[in-house]
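Listed here are the chains, written in short residue letters.
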Amino acid sequence: MQEMVNVYFYGKKYSVPADLTIMTAMEYSGYTLNRGCGCRHGFCGACATIYRVKGKNELKTCLACQTQVEEGMYVASIPFFPTDKRTYDIEKIKPTEQIMMELYPEIYSCIGCNACTKACTQDLDVMQYIAYAQRGEFEKCAEASFDCVGCGCCSTRCPAGISHPMVGVLARRLTGKYIAPESEHLKKRVEEVIHGEFDSLIEQIMEKPITEMKELYNSREIEK
Amino acid sequence: MYTEEMQKSIKKVEETRQQRMENEPRRMSAEEKEELLKGFHPDYREEGFVEIKVGPNKGQKIPVELGKLLHSNSRILNEKIDLNQVDYDVDVLVIGGGGAGSSAAIEAKEAGANVMMVTKLRIGDANTMMAEGGIQAADKENDSPVQHYLDAFGGGHFAARPELLKRLVMEAPDAIEWLNELGVMFDKDSEGNMVTTHGGGTSRKRMHACKDYSGAEIMRTLRDEVLNLGIPVVEFTSAIELLKDDKGQVAGAVLLNMETGDFCIARAKTVVIATGGAGRLHYQDFPTSNHYGATADGLVMGYRAGAPLLYQDTIQYHPTGAAYPAQIFGALVTEKVRSLGAMLVNSEGEAFMHPLETRDVSAASIIRECSANGKGIDTPIGKGIWLDTPMIEMLGGEGTIEKRIPAMLRMFMNYDIDMRKEPILIYPTLHYQNGGLEINGDGFVAALDNLLVAGEAVGGIHGRNRLMGNSLLDIIVFGRNAGKAAAKKAGEVTLGNLNLDHLQAYEEELKEAQVQTDDVSPLLLPRYARHER
């Protein structure tokens, strides 16, 4: 006999197999998910979910696709949360402290409650990466926020109204474009292609008969 | 977390580890590979395929589940839809909110076109977001686009369309440069050199990565840029049929609001289909690494309008999907795990193959090990093979896993499996459609004016198998090209009156072929809801 547990979706009780995730348990219960379901493997942040286990005080946040059901879970999905992305021209902004001040001034209203960190479904130190952003330490902010899936659970819990995932995206783009060292070998190769250095070689290989291509392929040297 | 049986087998894996580390398993010969594929790759299982009864590819074979969709009725065959009431009127309509669609939209906008995106989920709910391992480009001194061409052409069984593959490899360095300039954080050393590794079937280390969130990092940057440029993104809205005009040109699409059930009309001078793959059709009952919306909608609506398919009978099963525990069954375990040194090991602790053969060969080899060879490890759902992840820490030093593949560590840690200390169980998972709609080098469908295709919905770029890291690359290269070409073409197009006559014509063809069905397509979302009654 399959082990079953009782869970409550939006307050309504369902009996579901104990080894399901919240997402598959909802489907088992008959729900067709239009919202609140994206990649189903923990990368897209579509299935932000809030729950409380009956008899316990703590309110928890999670991704429905990555969390196994447990007895007495009261579950509500968060199909959309109005995080506030500010727009900018990536070519015109610079990685200076002022840019955060201009685009996301509310980060300076952080009261240090750490509710964002507690809410993070990826176990990131969210409050810390916001602190890095405040100080203009974009590289550190980028690194600390790198695994963010943008589910927005942090923002739902923030008394200062900060849109944390958006701050992380800005810090990463600044880091990737302006702070990380340039790749000389990449620039060089792009130039070589533009100047047609591979044009005749590629035309030649495109025209080779399949038998010759097979021989080339099967005898090619593989870098150690 | 592991069962007692599994733990016994892990002991054997541990016993042979040292010896295995000293001996690189040999690679298979061309003949061995061919025999293996014929015997064990799912593409060779005849019962997995049916014959196409209508349309441009009539008489060819196609996976049963996709064939069923081609042999279904349009969702709006009997609907009265007023085509004169145009809700959206644009130059370029991009269908799909993944990496290809976003790249196309950005380039179309940059070229001055009035462009909009429509997607049935959210922008970024796409296979791009889930790509882990990396993106190929020949940008190192010991490498060249020609070498990249050879690897991809051979890996794809010499079936790629040369003009498409040429673009893929020649434009790869520029694609990386473009992403880098948009602010994608690639793994680099302190001098700025890209940290690159091998993928299955590569002859040079040209796999660029952003830890094991490569696709996610690319997708969230592209999404951010789409929003910065103010491109309208209509979410939770599916395109369900293409529209044509009285000259027979493609002229937009009929859209369905997924929440209200209302239809609306998008008129467009050019249309880019960037609807991605088909993993959620679960060919041959395989689990899938794909996102929720991967149901081949673009292939179905394009085919109904007269666009031919190419290589629709070749599917990629990623060798390493999670086989255990059940909660993550089918989830992708990136090839990068093997790039970093983990070996594939059977229940007896034997490394039965080289870990970096191409994906089709690796998948077939794992299936053989679990079936004919009887050396798989039993799981509650089926069988699995060990991926010996502790080797990574031994080869690359302690902390390598956390630094290079944090998503994998997190996924298994969720279920109390520490892949730094214990191996993990894998089995092939439905990952990618090698085939799709046929395009020319500029991204256009030859048979239909004003229609372009980009990304996984295209067939022919990779041939009959795709190398790791060439799909993230193709969505950028062909997405960008499609956006530019669509914007340019839109400037030359004058549209006539809209119609849906092709739906009626397709219906007639189905009748003539004696196909009887009550089903409708495109599918839009898989039917996962269980109903007791």
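These figures come from a predicted structure and were not determined experimentally. (Residues numbered from 1 in each chain as written. Chains lettered and ligands numbered in written order. Predicted model: local features only at pLDDT ≥ 70, side-chain atom pairs only at ≥ 80, totals over all residues.)

**Student:** Honestly, the sheet that holds strand β4 (residues 60-63) of chain A in this entry has me stumped. Any pointers?
**Tutor:** Through backbone hydrogen bonds, the strands of a sheet pair up, either in parallel or in antiparallel fashion. Residue and element names in this part refer to chain A. Strand order in the open sheet formed by five strands is β2-β1-β5-β3-β4, and the pairing between neighbours is mixed. Of all the strands in the sheet, the pair left with one neighbour each is β2 (12-17) and β4. Geometrically, the sheet is characterised by an average inter-axis angle of 35° between neighbouring strands, direction not taken into account. (Pairing = 2+ DSSP bridges. Helix = DSSP H or I, 4+ residues; strand = E, 2+ residues; numbered from the N terminus. Axes fitted to C-alpha atoms, helices over the stretch in contact; angles between N-to-C directions.)

**Student:** For this particular structure, what's the right way to read the packing of helix α4 (residues 99-110) of chain B against helix α9 (residues 214-228) of chain B?
**Tutor:** For any two helices packed against each other, the geometry is given by the interaxial angle and the distance between the axes. Residues and elements named next belong to chain B. One can describe the packing of α4 onto α9 by two numbers: an axis separation of 10 Å at closest approach and a directional angle of 35°. Along this stretch, α4 crosses α9, giving a crossing that reads as left-handed. Taking contact as the criterion, the partners of G99, S102, S103, A105 and I106 in α4 are, on α9, I218, M219, L222, R223, E225 and V226. Looking at the contact of α4 with α9 residue by residue, the classes come out as six nonpolar, three polar and two charged. (Left-handed = near helix turned anticlockwise from the far one by under 90°. Contact = placed C-beta atoms within 7 Å. Nonpolar A, V, L, I, M, F, W, Y, C, P; charged D, E, K, R; others polar.)

**Student:** Looking at this structure, how should I read the packing of helix α9 (residues 199-207) of chain A against helix α6 (residues 145-155) of chain B?
**Tutor:** The interhelical angle for the contact between α9(A) and α6(B), taken along N-to-C directions, is 20°, at an axis separation of 9 Å. Considering their axes alone, α9(A) and α6(B) lie roughly parallel with respect to each other. Seen along the crossing, α9(A) lies across α6(B) with a hand that is right-handed. Contacts between α9(A) and α6(B) involve L201(A), I202(A) and I205(A) on the former and, on the latter, P145(B), V146(B), Y149(B) and L150(B). Of the residues belonging to the contact of α9(A) with α6(B), the class tally is seven nonpolar, no polar and no charged. (Parallel < 35°, antiparallel > 145°, perpendicular 65-115°, else oblique.)

**Student:** What is the right way to read the nonpolar core from this model?
**Tutor:** Side chains of nonpolar character tend, in soluble globular proteins, to be buried together. Counting residues in each nonpolar core, the largest one holds 223 residues, and the members touching the most others are V92(B), L93(B), V272(B) and A454(B). Once you skip the residues sitting within four places of it in the chain, V272(B) turns out to touch V92(B), V94(B), I95(B), A104(B), L452(B), A454(B), A482(B) and A486(B). (Core = buried A, V, L, I, M, F, W, Y, C linked by C-beta atoms within 7 Å. Buried ≥ 20, exposed ≤ 12 C-beta atoms within 10 Å, placed from the backbone.)

**Student:** Looking at this model, I keep getting lost on the sheet that holds strand β18 (residues 436-438) of chain B. Mind explaining?
**Tutor:** Taken together, three strands build an open sheet; the order of strands is β12-β18-β20 (chain B) and the sheet is mixed. Looking at which strands have only one partner, the edges of the open sheet turn out to be β12 (309-310) and β20 (458-459) of chain B.

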